[in-house]
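As a plain string of letters, each chain reads:
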Amino acid sequence: RRLLGTAGAVGAAGLVAGGAAGAYAAESVRSDPDPLSSVGSTTVPFHGERQAGITTPLQAHGHLIALDLAPGADRKAVAALLRRWSKTAEELTAGKVPADDTGIALDAGPASLTVTFGFGRTFFGRVGLKDRLPEELAPLPDFSADVLDPKRSNGDLWLQIGADDGLVAFHALRALQREAREVARVRWQMNGFNRTPGATSRPMTARNLMGQVDGTNNPKTTDDDFDQRIFVPAKGKPDWMAGGSYAVVRRIRMLLDSWDHLSLERQERVIGRRKSDGAPLSGGTETTPVDLTKVNADGSLAIAGDAHVRVAAPVSNQGAAMLRRPFSYHDGFREDGAPDAGLLFVAWQADPMKGFVPVQRKLDRGDGLSRFLRHEASALFAVPGGCAPGEYVGQALLE
Ligand code: HEM
């Protein structure tokens, strides 16, 4: 359907512009060449018990956007917005062209597009739903090293858009932002990226902008306790959050000039893993469990006392764990010449008090990595479960 639509559009535009060229373009598209890869045609289902974009493999492009409700926007208006948004997300993620389309993503398939919707703490007061506010949305505590910009933090509504094509991701962003119309205005937006699928010769864990293999010891969907750690259970509280999760978003700038000055050996000590392949300094390969007790021949700990993987590990934090699903970002260079770059850290968990908060408290007291980081923005969102065809995300809260 997408190719036919595209062919029509190209042909029509070409004919208006001058006949033969247009006809030729239409022909060439219709000839349906074998696609170069499956990147464009890959779809991630929008409907389901859970929203897409949480356990979905990292996409190459991401937009995180928070919106604030416009004055006077009430619960009914928000319900109508979420209905519109869900319909559009359903169409776009299936590769359909929505009505009144901008044309930005014509020619491309859905490219693993996902759209994930969330609600911030301030939302509930604005629409008279304070009695449905989850305890888990309590404001995150202050951390001593935070240098947060309030204008780029929090927000009433949140969208996470991910796709393996930059035009497809922007197309979705623009369509959803246009649909918010008078109901909500963008409060902040951050753009991120990950490795492009197919860029490595085999599937590999992503790297961040410090060059580290990042994501190795994330909880796995096959773990017995994965669902329990990451998602609110079907009969969980509040009821409208069944199948949902809580997203902690932190914009973490990396002090790359200082970092890049460290020797490879010191960089590896800071994390506790080898830079080349992500293997723990206690030995083995990337997937070998980290041995925090291992001692080197000289009596020193193989994984240093302040190594990031030691301080952040569940065993150091009463079992606290979260699913880290970040995007890297680069917004040019600062006045001092340093890159304005780092990690749009997105952590998913069933309860932030059993995930992000205890771990960040510990990291904030000074793991080896914190010296090279600045937490510049912060937000927490309740991300409800997914919806079935004909329903919209957030319906159990808004109706
Ligand atoms: C592990 C980098 C921030 C929690 C790791 C690893 C790297 C890394 C390279 C080892 C590979 C892996 O298991 O994924 C970074 C960078 C950060 C950052 C560059 C900031 C820009 C954070 C924050 C938290 C966190 C803010 C939570 C508050 C964890 C956890 C692990 C981990 C839980 C797994 C530890 C284990 O069980 O082995 N991180 N991290 N990280 N990080 Fe971070």
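What you see is a predicted model; the values in this text were computed from it and never measured.

(A) Quick peek at the UniProt feature "domain: Dyp-type peroxidase N-terminal" (unreviewed entry) in the protein. According to UniProt, the "domain: Dyp-type peroxidase N-terminal" (unreviewed entry) feature falls on residues 51-194. For the annotated span residues 51-194, helix accounts for 28% and strand for 23% of the residues, and the straight-line distance between the end C-alpha atoms is 20 Å.

(B) Here's a closer look at the site of the ligand. Inspection of the region around the ligand gives 26 residues, with Gln212, Asn217, Ala312, Leu343 and Gln360 positioned closest. Listing elements by their share of the shell around the ligand, those giving two or more residues are strand 5 (245-254), helix 9 (308-312), strand 8 (339-349) and helix 10 (356-364). The greatest single-element share of the shell around the ligand, amounting to four residues, is contributed by helix 10. The residue inventory of the shell around the ligand, partitioned by class, reads 15 nonpolar, eight polar and three charged.

(C) Just helix 5 (residues 166-180), in detail. Over its 15 residues, helix 5 runs 21 Å from end to end, which matches the ideal 21 Å to within 8%, given 1.5 Å per residue. Here helix 5 has its buried residues at Val168, Ala169, His171, Ala172, Leu173, Ala175, Leu176 and Ala180. Buried-residue contacts for helix 5 involve strand 1 (61-69), helix 3 (75-93), strand 2 (114-120), strand 3 (157-163) and strand 4 (184-193). Following helix 5 by one or two positions, Arg181 has its phi on the positive side, about 40°.

(D) Structural context of the UniProt feature "domain: Dyp-type peroxidase C-terminal" (unreviewed entry) in the protein. The UniProt record annotates "domain: Dyp-type peroxidase C-terminal" (unreviewed entry) at residues 205-387. Here residues 205-387 is 18% helix and 22% strand, with 30 Å between the C-alpha atoms at its ends.

(E) A look at unusual backbone geometry. With an omega dihedral of -15°, the bond running from Lys237 to Pro238 counts as a cis peptide bond. Within the fold, Pro238 resides in the loop between helix 6 (226-230) and strand 5. Located in the positive-phi region is Asp107, a residue other than glycine, with phi close to 90°. Mapped onto the elements, Asp107 comes out in the loop between helix 3 and strand 2. On the neighbour-count criterion, Asp107 (16 C-beta atoms within 10 Å) is partly exposed. Positive phi, normally seen in glycine, also occurs at Asn154, with a value near 55°. Here Asn154 lies in the loop between helix 4 (121-126) and strand 3. When the 23 C-beta atoms within 10 Å are taken as the criterion, Asn154 is described as buried.

What counts, and where the lines are drawn
Residues numbered from 1 in each chain as written. Predicted model: local features only at pLDDT ≥ 70, side-chain atom pairs only at ≥ 80, totals over all residues. UniProt positions renumbered as here; feature names shortened; annotations may be inferred. Helix = DSSP H or I, 4+ residues; strand = E, 2+ residues; numbered from the N terminus. Near = placed C-beta within 6 Å. Nonpolar A, V, L, I, M, F, W, Y, C, P; charged D, E, K, R; others polar. Expected span 1.5 Å × (residues − 1). Buried ≥ 20, exposed ≤ 12 C-beta atoms within 10 Å, placed from the backbone. Contact = placed C-beta atoms within 7 Å.

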